[in-house]
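One letter stands for each residue in the lines below.
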Amino acid sequence: MANVSTALPADGAPDAGEPRNAYERVQRLIVTDRCVMLDGGTATELEEVAEDRPELEERLWGTSALVNQPDAVARVHRSYVDVGCDVISTDTWGLPSALRSDRHALWDSTRPIHWMDIARKGVRLARQSVEEAGRTGETAVAFSINGDVDTPEGHETVRLLARVFEEDPPDLVLLETLSLVRSSTYSTVESLLATGIPVWLSFRRCRHGVCGVYGEHWGGPEGDAFGRAARRFEEMGVGALLLNCIPPDHVHGMLSWLRDFTDMPLGVYPNLGYFTNAGWRFETDITGAKYAEMALEWREEGAQIIGGCCGVGPEHIAAAAKALSETKPGHERPELLDDTDLNGNGTHGAAPRWTDRRSRSLFPLDFPDILVEEGVFIPTQGSFLVWKYLFQEGIGSHGRCLDIGSGTGLLAVQLALNGAAHVHAIDIDAQAVDNTLTNAFRNGVSDRVSAAAVDLYPWIPEERYDVIVASLYQMPVDPFEQVVTHRPLDYWGRNLIDHLIEMLPKALAEDGVAYIMQLSIIGQERTAELLEKVGFQARVVDFTFFPFHEIFKDKQDQIERVEQLSDAYHLNLGNEEVMVAYLIEVTRKGAESEGLPT
């Protein structure tokens, strides 16, 4: 460990004289295989004395106590010194956040307070606590700053911190709670090293990559990028690399993985606290004894520096220090859990898959291979609603089926995949017909799918079908508007559905069933009247919500007219307007309505 031994006496021998300062003592502990103990959370120990709950404002978190409650800060520092910590951190973690460009008044006070004075006070309070405990030269003071210093504004902060350190030098700088390694991170570290104060880095990292306080994983696979970054930090002269602000169970395997890349001292200080809307919540079931057990596991994996983050208190550190006092860093290389890979995903084939009651895979969803050719209507929420029901219930098996207004052929293909004997698809658009046949071929069902370009109004069905499905265009149109599509003027938006209902007696087999998607903006009463007229009945088998896309917004005046004159409706949710898309199952009166055939 060249970066450690260079600070020792020239011969590098562990017993060559007494350490000249507290940081040199920390280095000596590491090279002699003694565990270096950090302190635990500072700001979370101050929660009860924080009059304005500064944890609600990250810029003020903890650091406001340096102004308002300096004695309380000193007591927290002293509690950690008294349990034998080799390093304690100043209560300055939030300074870089407070100095971001969108700055507010940093602290409520009757007089101006400069942040550099706060930085000095942070060092002095920590140093005072060490001196009063009689541990001068034994407990090092680390100046704590968070990852927000790795910003354009942060470089000026570092430059000014160098002036602070000229008068009140800490023993080391602890740049902590970093996440990403940006190109700027290296220049930030270089500027910190240029102050002449030793620098330690700490990241929110586990074997899955960047890790959050709740154990959530951010970002994609990185391979060995972080390991290579660790090697570069070592070459730059960083004194130690640590992991912090992650749940204790996410430390597993990370230290041994890092050891493949770097000889730097490695450490860990996870959190036992989580901030919620109701305030701080702590893992109270993890006692000092339990924390000591976990610390021993980290030590076996090679941890040379151990402490705690939010929610870890003096009792946890005291128990861990006692358990670790006679230990040496191990070389254990834990195997990854069987049900996880390095990306945080389930190992393929190992975990139970999500399936439906027909034992079909739902993850990934067994969705047809659908190509949407240029100029063909893209399936909408209404089409997906019909598709989902066909898929879930296996509609169409062994039956002869008709898809009206096929578009891409999504519904026709699914009926065939469900085992239909034959599916005939019709659409007024020849491009849609070609698209349907293409998708039938892509899904291996072209031998059971036929298609034709048909105008529904003059069309006469050549046979009766067991199943009919339809997700048709439904749009109220002002008759004074110019006709801009092949669709006829449709004041109520119901023309196609109404014509389909009137066709059902000729198109549907005696025990057949039709599945029709209907939007709430065209009303239900007229549908019921027409079904009654032709001797049919309907029930809703599913529904979903259908947002107002631009085409509906363009017709909003006419939609509102229809709603005023009928039972049609839609929902207003804040600034968003939403229709309801219903899937109705239509059968002859008196027929069993069970989705037959299936």
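Here the structure is a predicted model, which is why all the values come from computation and not from measurement.

Caption draft 1: Broad picture of the overall build of the protein chain. Helix and strand counts for the protein chain come out as 19 helices and 21 strands. Scored against the burial criterion, the 598 residues of the protein chain give a buried share of 52%. The contacts in the protein chain between residues at least 6 apart in sequence include a share of 78% that link residues at least 24 apart. Put simply, the protein chain shows about 27,600 Å² of open surface, and 50% of that area lies on carbon and sulfur atoms.

Caption draft 2: Spotlight on unusual backbone geometry. That bond from Phe363 to Pro364 is cis: its omega, 0°, falls within 30 degrees of zero. The residue Asp33 is not glycine, and still its phi comes out positive at about 65°. What makes Asp33 partly exposed here is its relative accessible area of 31%. Backbone geometry places His398, a non-glycine residue, at a positive phi of 70°.

Caption draft 3: Region of the structure containing the confidence of the model for the protein chain. Chain-level pLDDT for the protein chain is 88 on average; 87% of the residues reach the 70-or-more range. Of the regions scoring below 50 in pLDDT, residues 1-16 engages in 26 contacts with residues more than four places distant in sequence or in other chains. Between residues 337-341, whose pLDDT stays under 50, and residues either more than four places distant or in other chains, the model counts ten contacts.

Caption draft 4: Seen up close, the sheet that holds strand 1 (residues 36-37). In spatial order, the strands read 1-13-10-9-5-4-3-2; together these eight strands make up an open sheet with parallel pairing. With one partner strand each, in any of the chains shown, strand 1 and strand 2 (87-89) form the two edges of the open sheet. Sheet topology places strand 2 next to strand 3 (residues 140-146); three bridges connect them, and they run parallel. By the bridge assignment, Val87 is partnered in strand 3 with Ala140.

Caption draft 5: Broad picture of the environment of Glu532. Within the fold, Glu532 resides in helix 17 (residues 525-534). Relative accessible area serves as the criterion here: at 48%, Glu532 is assigned to the partly exposed category. Considering only alpha carbons, one finds Glu532 and Lys589, 57 residues apart in sequence, at a separation of 8.7 Å.

Caption draft 6: Broad picture of the nonpolar core. Formed by 73 residues in total, the largest nonpolar core has its most connected members in Leu201, Phe233, Leu258 and Trp298. Examining the composition of this core, we find that eight residues originate from one element, helix 6 (residues 115-132), more than from any other. Phe391, Cys401, Leu504 and Ile522 belong to the second largest nonpolar core, which has 63 residues in total.

Caption draft 7: How the structure looks around the packing of helix 4 (residues 70-82) against helix 6. The geometry of helix 4 relative to helix 6 is characterised by a closest axis approach of 9 Å and an angle of 45° between their N-to-C directions. Our classification of the angle between helix 4 and helix 6 gives oblique. Viewed along their axes, helix 4 and helix 6 form a crossing whose handedness is right-handed. On helix 6, the residues touching Pro70, Val73, Ala74, His77, Arg78 and Val81 of helix 4 are Lys121, Leu125, Ala126, Ser129, Val130 and Glu132. Residue composition of the contact of helix 4 with helix 6, by class: seven nonpolar, two polar and three charged.

Caption draft 8: Fine view of the environment of Tyr457. Mapped onto the elements of the fold, Tyr457 is located in the loop between strand 16 (449-453) and strand 17 (465-470). When its relative accessible area of 31% is taken as the criterion, Tyr457 is described as partly exposed. In the structure, Tyr457 is positioned 43 residues away from Leu500 in sequence and 8.7 Å away in space, judged by C-alpha atoms.

Caption draft 9: Structural detail: the pattern of salt bridges. Taken as a whole and judged by the stated rule, the model has 29 salt bridges. When the shortest N-O distance is used, the salt bridge between Asp86 and Arg25 registers 2.9 Å. Of this pair, Asp86 sits in the loop between helix 4 and strand 2 while Arg25 is found in helix 2 (residues 22-31), placing the two residues 61 residues apart along the sequence. The class for Asp86 is buried, based on a relative accessible area of 6%.

Caption draft 10: Structural view of helix 15 (residues 430-442). The end-to-end C-alpha distance of helix 15 is 19 Å, a good match for the 18 Å that 13 residues give at a rise of 1.5 Å each. Buried within helix 15 are the following residues: Ala432, Val433, Asn435, Thr436, Asn439 and Ala440. The arc that holds the buried residues of helix 15, viewed along the axis, is 160°, so those residues lie on one side. Where the residues of helix 15 are buried, they touch helix 14 (410-417), strand 15 (422-427) and strand 16. A distance of 2.9 Å separates the backbone nitrogen of Gln431 from a side-chain oxygen at the start of helix 15, and that oxygen is part of Asp429.

Caption draft 11: Molecular detail of the environment of Asp86. Considered as a pair, Asp86 and Gly307 are 221 residues apart in the sequence and their alpha carbons are 9.9 Å apart. When neighbours within four sequence positions are excluded, Asp86 is seen to be in contact with Arg25, Val26, Leu29, Cys35, Val36, Met37, Arg135, Glu138, Thr139 and Ala140.

Caption draft 12: Examining the pairing of strand 4 (residues 172-178) more closely. The buried fraction of strand 4 is high, at seven of seven residues. Note: strand 3 against strand 4, five bridges, orientation parallel. Paired with Phe143 across the strands is Val173, a residue of strand 4. Taken together, strand 3, helix 7 (residues 152-167) and strand 4 form a β-α-β motif whose crossover is right-handed. Relative to strand 5 (residues 199-203), strand 4 is paired through four bridges, and the arrangement is parallel. Bridge assignment links Leu178 to a residue of strand 5, and that residue is Phe203.

Reading the values: the criteria
Once a new chain begins, its residue numbering starts again from 1 and follows that chain's sequence as written. This being a predicted model, a pLDDT of at least 70 is required before a residue's local features are given, and a value of 80 or more before pairs of side-chain atoms are given or counted; all residues contribute to the totals for chains, interfaces and linings. Water and hydrogen atoms were dropped before computing side-chain values, which therefore reflect all heavy atoms in the structure. Starting at the N terminus, helices and strands are each numbered in turn, a helix being any DSSP run of H or I of at least four residues and a strand any DSSP run of E of at least two. Using a 1.4 Å probe on the protein chains alone, a residue whose accessible area is under 20% of its type maximum counts as buried, one over 50% counts as exposed, and one in between counts as partly exposed. Here a residue-residue contact requires only that any non-hydrogen atoms of the pair lie within 4.5 Å. Only the protein chains shown count as cover for residues, and all accessible areas are computed by the Shrake-Rupley method using a 1.4 Å probe. Each residue carries a pLDDT score, the predictor's own confidence in it, on a scale running from 0 to 100. In short, DSSP must find at least two bridges between two strands for them to pair. To qualify as a nonpolar core, a set must consist of buried Ala, Val, Leu, Ile, Met, Phe, Trp, Tyr and Cys residues joined through side-chain atoms within 4.5 Å. To obtain an axis, a line is fitted to C-alpha atoms, over the contacting stretch when the element is a helix, and the angle between two such axes runs from 0 to 180 degrees between their N-to-C directions. Roughly parallel here means an angle under 35 degrees, roughly antiparallel means over 145, roughly perpendicular means 65 to 115, and every remaining angle is called oblique. In this scheme, a crossing is called left-handed if the near helix is turned counterclockwise away from the far one by less than a right angle; it is called right-handed if the turn is clockwise. When residues are grouped by polarity, Ala, Val, Leu, Ile, Met, Phe, Trp, Tyr, Cys and Pro land in nonpolar, Asp, Glu, Lys and Arg in charged, and all others, Gly among them, in polar. Between Lys or Arg on one side and Asp or Glu on the other, a salt bridge is scored when a side-chain nitrogen of the former is within 4 Å of a carboxyl oxygen of the latter. Take the residue count of a helix, subtract one, and multiply by 1.5 Å to get its expected span. Throughout, the arc means the angular range of directions from the helix axis out to the C-beta atoms. For this analysis, a polar contact is any N or O atom pair within 3.5 Å, provided that within protein one partner can donate a hydrogen and the other can accept it, and provided that sequence-adjacent residues contribute only side-chain to side-chain pairs. For a crossover, the right-handed case is the one in which the path from the first strand over the helix to the second runs clockwise, viewed with the strands pointing away from the viewer.

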